[in-house]
Amino acid sequence: MGLRDDVAKVLIPEDALQARIVELAGEINAAYTDEDRPLLVCVLKGAFMFLADLTRHLEIRHEIDFMETSSYGAGTVSSGVVRILLDLERNIEGRHVLIVEDIIDTGRTLDYITRNLRTRNPASLRICTLLSKPARRVIDIPIDFVGFEIPDEFVVGYGLDYAEIYRNLPFIGVLEEEVYR
Ligand code: PRP
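Since the structure is predicted, the reported quantities are computational estimates derived from the model, not experimental observations.

Cut-offs applied
- Residues numbered from 1 in each chain as written.
- Predicted model: local features only at pLDDT ≥ 70, side-chain atom pairs only at ≥ 80, totals over all residues.
- Heavy atoms only, no water.
- Near = heavy atom within 4 Å.
- Polar contact = N/O pair within 3.5 Å; in protein donor to acceptor, adjacent residues only side chain to side chain.
- Areas by Shrake-Rupley, 256 points an atom, 1.4 Å probe, with all protein chains shown as cover.
- Helix = DSSP H or I, 4+ residues; strand = E, 2+ residues; numbered from the N terminus.
- Nonpolar A, V, L, I, M, F, W, Y, C, P; charged D, E, K, R; others polar.
- Salt bridge = Lys/Arg side-chain N within 4 Å of Asp/Glu carboxyl O.
- Buried < 20%, exposed > 50% of the residue type's maximum accessible area, 1.4 Å probe, protein only.
- Contact = heavy atoms within 4.5 Å.

This part takes up the site of the ligand. The ligand sits among 19 residues. The nearest are Glu-101, Asp-102, Thr-106, Gly-107 and Thr-109. Contact between the ligand and Thr-106: an oxygen atom at 2.5 Å from a side-chain N or O atom of the residue. Arg-167 has a polar side-chain atom sitting 3.1 Å from an oxygen atom of the ligand. Burial of the ligand by the protein amounts to 94% of the accessible area it has alone, namely 500 Å². The element contributing the most residues to the shell around the ligand is strand β5 (residues 96-104), with four residues. In the shell around the ligand, the residues fall into four nonpolar, eight polar and seven charged.

Take a look at the structure:
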(Lines give C-alpha, C1' and ligand atoms only; values in the text may rest on other atoms or scores of the structure.)
Protein backbone atom coordinates (compact mmCIF):
# COMPACT_ATOMS: atom_id res chain seq x y z
CA MET A 1 0.00 0.00 0.00
CA GLY A 2 1.41 3.41 -0.98
CA LEU A 3 0.84 6.86 0.48
CA ARG A 4 -1.67 7.67 -2.21
CA ASP A 5 -3.92 4.80 -1.16
CA ASP A 6 -4.52 6.70 2.11
CA VAL A 7 -5.96 9.66 0.17
CA ALA A 8 -9.78 9.62 -0.05
CA LYS A 9 -9.93 12.43 -2.58
CA VAL A 10 -7.77 15.02 -4.29
CA LEU A 11 -9.02 18.47 -3.31
CA ILE A 12 -6.58 20.54 -5.40
CA PRO A 13 -4.70 18.74 -8.18
CA GLU A 14 -1.08 19.49 -8.97
CA ASP A 15 -1.77 21.48 -12.15
CA ALA A 16 -4.31 23.74 -10.40
CA LEU A 17 -1.85 24.36 -7.54
CA GLN A 18 0.95 25.26 -9.91
CA ALA A 19 -1.25 27.54 -12.03
CA ARG A 20 -2.44 29.44 -8.95
CA ILE A 21 1.12 29.79 -7.64
CA VAL A 22 2.13 31.48 -10.91
CA GLU A 23 -0.76 33.94 -10.40
CA LEU A 24 0.21 34.58 -6.77
CA ALA A 25 3.80 35.26 -7.82
CA GLY A 26 2.44 37.77 -10.34
CA GLU A 27 0.52 39.55 -7.57
CA ILE A 28 3.65 39.63 -5.39
CA ASN A 29 5.83 40.86 -8.28
CA ALA A 30 3.36 43.75 -8.70
CA ALA A 31 3.18 44.56 -4.98
CA TYR A 32 6.91 45.12 -4.40
CA THR A 33 9.79 46.83 -6.19
CA ASP A 34 13.38 45.66 -6.53
CA GLU A 35 14.33 48.39 -4.06
CA ASP A 36 11.96 46.92 -1.47
CA ARG A 37 14.05 43.72 -1.59
CA PRO A 38 11.38 41.88 0.44
CA LEU A 39 12.35 39.13 2.85
CA LEU A 40 10.17 36.06 2.39
CA VAL A 41 9.73 34.32 5.73
CA CYS A 42 8.88 30.68 5.17
CA VAL A 43 7.04 29.16 8.12
CA LEU A 44 8.35 25.61 8.44
CA LYS A 45 7.75 22.93 8.00
CA GLY A 46 4.52 23.03 6.03
CA ALA A 47 5.41 25.96 3.73
CA PHE A 48 8.69 24.56 2.39
CA MET A 49 7.25 23.28 -0.88
CA PHE A 50 5.10 26.36 -1.51
CA LEU A 51 8.07 28.68 -0.88
CA ALA A 52 10.23 26.64 -3.24
CA ASP A 53 7.72 26.88 -6.10
CA LEU A 54 6.67 30.48 -5.39
CA THR A 55 10.20 31.86 -5.29
CA ARG A 56 10.95 30.37 -8.72
CA HIS A 57 8.25 32.56 -10.25
CA LEU A 58 9.30 35.80 -8.54
CA GLU A 59 11.06 38.36 -10.70
CA ILE A 60 11.68 41.01 -8.03
CA ARG A 61 14.90 40.86 -6.01
CA HIS A 62 14.13 39.18 -2.72
CA GLU A 63 15.68 37.18 0.09
CA ILE A 64 14.41 34.19 2.01
CA ASP A 65 14.60 33.21 5.64
CA PHE A 66 12.96 30.54 7.78
CA MET A 67 11.01 30.26 11.00
CA GLU A 68 9.58 27.12 12.50
CA THR A 69 6.58 27.09 14.74
CA SER A 70 4.54 24.26 16.10
CA SER A 71 0.91 24.25 17.13
CA TYR A 72 -0.63 20.95 16.15
CA GLY A 73 1.56 18.31 17.76
CA ALA A 74 0.63 14.99 16.19
CA GLY A 75 -3.14 15.55 16.11
CA THR A 76 -5.41 16.92 13.40
CA VAL A 77 -6.77 19.86 15.42
CA SER A 78 -4.85 22.98 16.40
CA SER A 79 -3.97 23.05 20.12
CA GLY A 80 -3.86 26.83 20.24
CA VAL A 81 -0.45 26.77 21.89
CA VAL A 82 2.19 28.22 19.54
CA ARG A 83 5.89 27.66 20.09
CA ILE A 84 8.82 29.08 18.11
CA LEU A 85 11.12 26.14 17.36
CA LEU A 86 13.45 28.05 15.02
CA ASP A 87 13.80 31.82 14.74
CA LEU A 88 14.91 34.01 11.83
CA GLU A 89 18.58 34.34 11.05
CA ARG A 90 18.20 37.95 9.99
CA ASN A 91 17.33 41.20 11.73
CA ILE A 92 14.12 42.45 10.07
CA GLU A 93 14.15 46.03 11.36
CA GLY A 94 13.30 48.34 8.45
CA ARG A 95 12.78 45.37 6.10
CA HIS A 96 9.74 44.54 3.98
CA VAL A 97 8.67 41.16 5.31
CA LEU A 98 6.34 38.73 3.54
CA ILE A 99 5.30 35.74 5.63
CA VAL A 100 4.78 32.61 3.50
CA GLU A 101 2.45 30.02 5.07
CA ASP A 102 0.91 26.81 3.80
CA ILE A 103 -2.40 27.11 5.64
CA ILE A 104 -4.28 29.45 7.97
CA ASP A 105 -6.76 27.53 10.06
CA THR A 106 -7.74 29.09 13.42
CA GLY A 107 -5.36 31.99 12.75
CA ARG A 108 -3.58 31.47 16.08
CA THR A 109 -0.17 30.71 14.56
CA LEU A 110 -0.18 33.76 12.28
CA ASP A 111 -1.56 35.96 15.04
CA TYR A 112 1.34 34.92 17.25
CA ILE A 113 3.94 35.28 14.50
CA THR A 114 2.73 38.69 13.30
CA ARG A 115 2.59 40.08 16.84
CA ASN A 116 6.09 38.73 17.46
CA LEU A 117 7.56 40.09 14.21
CA ARG A 118 5.93 43.53 14.61
CA THR A 119 7.91 44.09 17.80
CA ARG A 120 11.04 43.90 15.61
CA ASN A 121 9.92 46.97 13.60
CA PRO A 122 9.80 45.77 9.98
CA ALA A 123 9.09 48.43 7.31
CA SER A 124 6.05 46.38 6.29
CA LEU A 125 4.57 43.02 7.15
CA ARG A 126 2.34 41.11 4.77
CA ILE A 127 1.01 37.57 4.63
CA CYS A 128 0.84 35.09 1.77
CA THR A 129 -0.86 31.76 2.39
CA LEU A 130 -1.50 28.96 -0.06
CA LEU A 131 -4.62 27.75 1.77
CA SER A 132 -7.15 29.34 4.09
CA LYS A 133 -9.95 27.62 6.01
CA PRO A 134 -12.25 30.56 6.87
CA ALA A 135 -14.83 28.33 8.60
CA ARG A 136 -12.34 27.55 11.38
CA ARG A 137 -11.05 31.06 12.03
CA VAL A 138 -10.89 32.03 15.71
CA ILE A 139 -8.68 35.10 15.28
CA ASP A 140 -9.29 37.35 12.28
CA ILE A 141 -6.06 37.75 10.31
CA PRO A 142 -5.88 40.15 7.36
CA ILE A 143 -4.35 38.09 4.52
CA ASP A 144 -2.71 39.91 1.61
CA PHE A 145 -2.30 36.99 -0.81
CA VAL A 146 -4.42 33.80 -0.68
CA GLY A 147 -4.10 30.82 -3.01
CA PHE A 148 -7.28 28.90 -2.21
CA GLU A 149 -10.08 29.04 0.34
CA ILE A 150 -10.92 25.47 1.29
CA PRO A 151 -13.70 23.76 3.27
CA ASP A 152 -13.21 22.45 6.80
CA GLU A 153 -11.59 19.13 5.93
CA PHE A 154 -8.27 17.77 7.18
CA VAL A 155 -5.91 18.16 4.25
CA VAL A 156 -2.45 16.77 3.55
CA GLY A 157 0.12 16.99 0.79
CA TYR A 158 2.19 19.76 -0.80
CA GLY A 159 3.99 20.35 2.51
CA LEU A 160 1.10 19.53 4.83
CA ASP A 161 1.40 16.45 7.01
CA TYR A 162 -0.46 14.04 9.17
CA ALA A 163 1.95 12.85 11.91
CA GLU A 164 4.83 14.11 9.69
CA ILE A 165 3.89 11.92 6.70
CA TYR A 166 2.32 12.89 3.32
CA ARG A 167 4.22 16.22 2.96
CA ASN A 168 5.75 14.99 -0.31
CA LEU A 169 2.48 14.49 -2.20
CA PRO A 170 2.39 17.01 -5.08
CA PHE A 171 -1.35 17.77 -4.61
CA ILE A 172 -3.67 18.74 -1.73
CA GLY A 173 -5.72 15.75 -0.65
CA VAL A 174 -8.14 14.59 2.03
CA LEU A 175 -7.15 11.48 4.00
CA GLU A 176 -9.30 8.42 4.42
CA GLU A 177 -10.84 8.76 7.89
CA GLU A 178 -9.56 5.35 8.95
CA VAL A 179 -5.98 6.68 8.68
CA TYR A 180 -6.34 9.14 11.59
CA ARG A 181 -9.13 7.57 13.64
C1 PRP B 1 0.25 24.36 10.63
C2 PRP B 1 0.36 25.34 9.48
C3 PRP B 1 0.24 26.67 10.16
C4 PRP B 1 -0.69 26.39 11.31
C5 PRP B 1 -2.07 26.84 10.95
O6 PRP B 1 1.51 24.19 11.19
O7 PRP B 1 1.59 25.21 8.81
O8 PRP B 1 1.48 27.14 10.62
O9 PRP B 1 -0.66 24.97 11.52
O10 PRP B 1 -2.98 26.60 11.99
P11 PRP B 1 -3.67 27.75 12.84
O12 PRP B 1 -4.13 28.83 11.91
O13 PRP B 1 -4.83 27.03 13.50
O14 PRP B 1 -2.69 28.24 13.85
P15 PRP B 1 1.92 23.02 12.21
O16 PRP B 1 1.91 23.57 13.59
O17 PRP B 1 1.08 21.81 11.94
O18 PRP B 1 3.44 22.73 11.84
P19 PRP B 1 4.12 22.21 10.46
O20 PRP B 1 3.97 23.31 9.43
O21 PRP B 1 5.54 22.00 10.86
O22 PRP B 1 3.43 20.93 10.05
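Continuing now.
Attention now moves to the pattern of salt bridges. Enumeration according to the criterion identifies 17 salt bridges in this entry. Taking the shortest distance from any N to any O, the salt bridge between Arg-20 and Glu-23 comes out at 2.7 Å. With a gap of three residues between them, Arg-20 and Glu-23 both fall in helix α1 (residues 14-31), about one helical turn apart. Here Arg-20 falls in the buried class, since its relative accessible area comes to 17%. Close ionic contact of Glu-164 with Arg-167 constitutes a salt bridge, the shortest N to O distance being 2.7 Å.

Turning to the environment of Val-81, a few remarks are in order. Along the chain, Val-81 turns up in the loop between β3 (63-70) and β4 (83-86). Val-81 sits in the exposed class, given a relative accessible area of 54%. A sequence separation of ten residues divides Val-81 from Ser-71, and the C-alpha atoms of the two residues are 5.6 Å apart. Aside from chain neighbours lying at most four places away, what touches Val-81 is Ser-70 and Ser-71.

Before going further, it helps to examine unusual backbone geometry. A cis geometry characterises the amide bond from Leu-44 onward to Lys-45, with omega recorded as -5°. If you trace the backbone, Lys-45 turns up in the loop between β2 (39-44) and α2 (48-56). Phi is positive for Tyr-166, close to 85°, though the residue is something other than glycine. Note on placement: Tyr-166 falls in the loop between β8 (155-156) and β9 (172-175).

Time to look at helix α3 (residues 108-118). Burial in α3 covers these residues: Thr-109, Leu-110, Asp-111, Ile-113, Thr-114, Asn-116 and Leu-117. Of the surrounding elements, those touching the buried residues of α3 are β2, β3, β4, β5 and β6 (124-132).

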